[in-house]
Amino acid sequence: MNRRLPVLVLLIAFVVAGVVLDREATDDTSVEAVTVVPSEFPMAPSSTALASTWFCAGGTADEEAFADHVITMLNTTDGALDVDVTAFPGVVAAPAPGGEADELAPDADADPDDEEADEEVDEEPATDPASVSAEPVVRRIEIGPRSRARLALTDLVTAPVASALVESVGGGLVVEHEVSSIHGIDAKPCATGASDEWHFAWGTTAREARELLVLFNPFPDDAIVEGVFSTEDTIREPGRFAGGLVVPGRSTIGIDLGDDVTRRDEVAASLTTRTGRIIVDRIVRVNEDGGDRGLTVQLGVTEPQRTWIFPDGIASEEFQERFVVYNPTEELAEVEIDLRVDRPEENGVPAPVELSIAPGSHATVDMNEDGRLPVGVPHSAVVRSANDVPVVAERVLSSLRTSGRRGLSVTTGSPVEATEWTFAAGSTEEPSAESITIVNLDPQVLTEVDVVAIVGGQEVPVADLQGVVVEAGERLNVDLTPQIANRDDLAVVVRATEPVVVERILAQLGEEQRGISLAVGVPSPDGARVPADPVDLGVEADLGDELEEAPTEDDEGIPVAPDDVELPAPDETIVVDPDDESEVPADDAEDGEG
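Computed from a prediction, not measured in an experiment: that's the story for all the values here.

Criteria and thresholds
- Residues numbered from 1 in each chain as written.
- Predicted model: local features only at pLDDT ≥ 70, side-chain atom pairs only at ≥ 80, totals over all residues.
- Heavy atoms only, no water.
- Phe/Tyr/Trp six-rings, centres within 6.5 Å; stacked < 30°, edge-to-face > 60°.
- Helix = DSSP H or I, 4+ residues; strand = E, 2+ residues; numbered from the N terminus.
- Buried < 20%, exposed > 50% of the residue type's maximum accessible area, 1.4 Å probe, protein only.
- Pairing = 2+ DSSP bridges.
- Axes fitted to C-alpha atoms, helices over the stretch in contact; angles between N-to-C directions.

(A) Looking closely at the packing of aromatic side chains. A full pass over the atoms with the stated rule returns five aromatic pairs. When the centroid spacing of 5.5 Å and the interplanar angle of 75° are considered together, the rings of F310 and F323 count as edge-to-face. With F310 in strand β20 (residues 307-310) and F323 in strand β21 (residues 319-326), the pair connects residues that are 13 residues apart, well separated along the chain. Here F310 and F323 have matching classes, each one buried.

Below is the structure:
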């Protein structure tokens, strides 16, 4: 069987095909239509691009709602950027008449008392209809060089759901969005393009959960959307989607999925458009006693991939880890989950998980119950199609703790490796903590990594994190909290000599705090590549004894320095003084500072 991965052409379209904006530069006002060329996977626009465009679909703009929406914008360039943020207020659609009665027989074991209890759990404070904003509103923000800005959409509109279109004339803008409530906090990159299809491997409409799909149409023409859902027991097409759901032009609609697919622990989804293009985010709040508790947001996947890379992961007494793999195609997918544990010489090399997933179906692997991972040992994972049928993969990580680092995090992996990764959101100010995990999948070549903070209008090389070696086939976790302490405006860029994948971990550590957020960063298209199949490389995918000896020369016969040779440090490393935004030479910094 041919397992060679086809070449993935990453079409990054950051040039605006046509932008017609009738607005004042300094005042809030209505915005006209915008036309943007779509891109396949979110990537950072170069500093020389003519424009940057980002779409942040999922969140709420009501102080009483359950997922307050905040936009974080990072200017990575040496010059100021004028950024226009357009907030699109929206509504949560009413349940379709008859719900899913035509598609699904009611639960035989359903109890009327349980139904009543569900209503009490899921009820959200209603937004006063008179206060809901009717039209999109734009605000222009000037972001200084090497700086970031945050904007809550409640500052612009009031609505049960609200999306944002973020545009700048000039490249170098990276945008993430954050949702938060008493249930938790999550931050993820926004989209850089619209699409006619969106897929989600995970979801839940269980009794203690609420899943909200947010459909954002920033374009002038209506979009007609169809939806198909895979649950733990069947595949279904609820009536609301079978007939085609209309998302009017320049609007946002929230769909409470529990109205259409009721009480299912697992719900994978595919949304496609008959006409038009949209952006889709999924927001899930879970409040299950003794189980998942938290808040998460995730952008859908526009196209299934043959490889998904997850740099971080752990299955322990305090954390439950699950992988959900969804096959939205019309062919059987043969899938392997390759697990790479830290210190394999001590912890062993787990056998890969093998899955056969029927068309339109999904599979869930609970790593805590599976038993092949050593308990409490961190690892990375690569979900790979063994027969070239592309899939969608997400990792679900939930904390079983009663305090500190508790919550729910759900994320897709990355289908690409890159030499530069950017994270616009982040904080090390109490009670927040931040770390990053870097994985080098290459089984033969080491990489050197520089970690740079963007704070106070400057790029600041992080002390002790310059020229750090990540060995071939290994991963590295770095706690940024002691390195860059007490910063509530922390953005991070990771640069590597060879392609890697980088994931950020945010956590709330307070006794009463809740929230963990894991997210792959925004890669730069320069140096990005699709990871090679180990079969093509002629090496094993694991980290066994065969890979412990580094090569003594490269392909051209040039000698390679042994791994134990210390690489030269930069002439001067800068650390961040939490009380002063000025630069401090590392040699002059006190121990523990930064």
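(B) Structural detail: the pairing of strand β30 (residues 447-455). Burial runs high along β30: seven of the nine residues are buried. Where β30 lies against strand β34 (residues 491-508), six bridges are found, and the strand directions are antiparallel. Across the sheet, the residue bridging to V449 is A496, located in β34. Taken together, the four bridges between β30 and strand β31 (residues 458-461) define a ladder with antiparallel strand orientation. Bridge pairing in β31 links V452 to P461. Counting the residues between successive antiparallel strands, the hairpin from β30 to β31 contains two residues, one of them, G456, with a positive phi of roughly 60°.

(C) Focus on the sheet that holds strand β23 (residues 353-357). Reading across from one edge, β20-β25-β22-β23 is the order of the four strands in this open sheet, with antiparallel pairing throughout. Strands with a single pairing partner mark the edges of an open sheet, and in this sheet they are β20 and β23. If you compare each strand with its neighbour and ignore which way they point, the axes differ by 15° on average.

(D) Main features of unusual backbone geometry. Cis geometry is adopted by the peptide bond preceding P431, which originates at E430 and carries an omega value of 10°. Considering the arrangement of structural elements, one finds P431 in the loop between β28 (418-423) and β29 (432-439). At R250, a residue that is not glycine, the phi angle is positive and equals roughly 55°. Counting through the fold element by element, R250 comes out in the loop between β15 (245-247) and β16 (251-256).

(E) Highlighting the sheet that holds strand β9 (residues 173-181). An order of β7-β4-β9-β10 is seen for the four strands of this open sheet, with the pairing classed as antiparallel. Strands with a single pairing partner mark the edges of an open sheet, and in this sheet they are β7 (147-152) and β10 (184-189). Ignoring which end each strand starts from, the neighbouring axes of this sheet average 20° apart. Pairing analysis gives eight bridges linking strand β4 (residues 68-75) to β9, with the strands arranged antiparallel. Paired with V70 across the strands is E178, a residue of β9.

(F) Region of interest: the environment of E321. Counting through the fold element by element, E321 comes out in strand β21. According to the relative accessible area criterion, E321 is buried, its value standing at 0%. Residues E321 and L397, spaced 76 residues apart in sequence, show a C-alpha to C-alpha distance of 4.7 Å.

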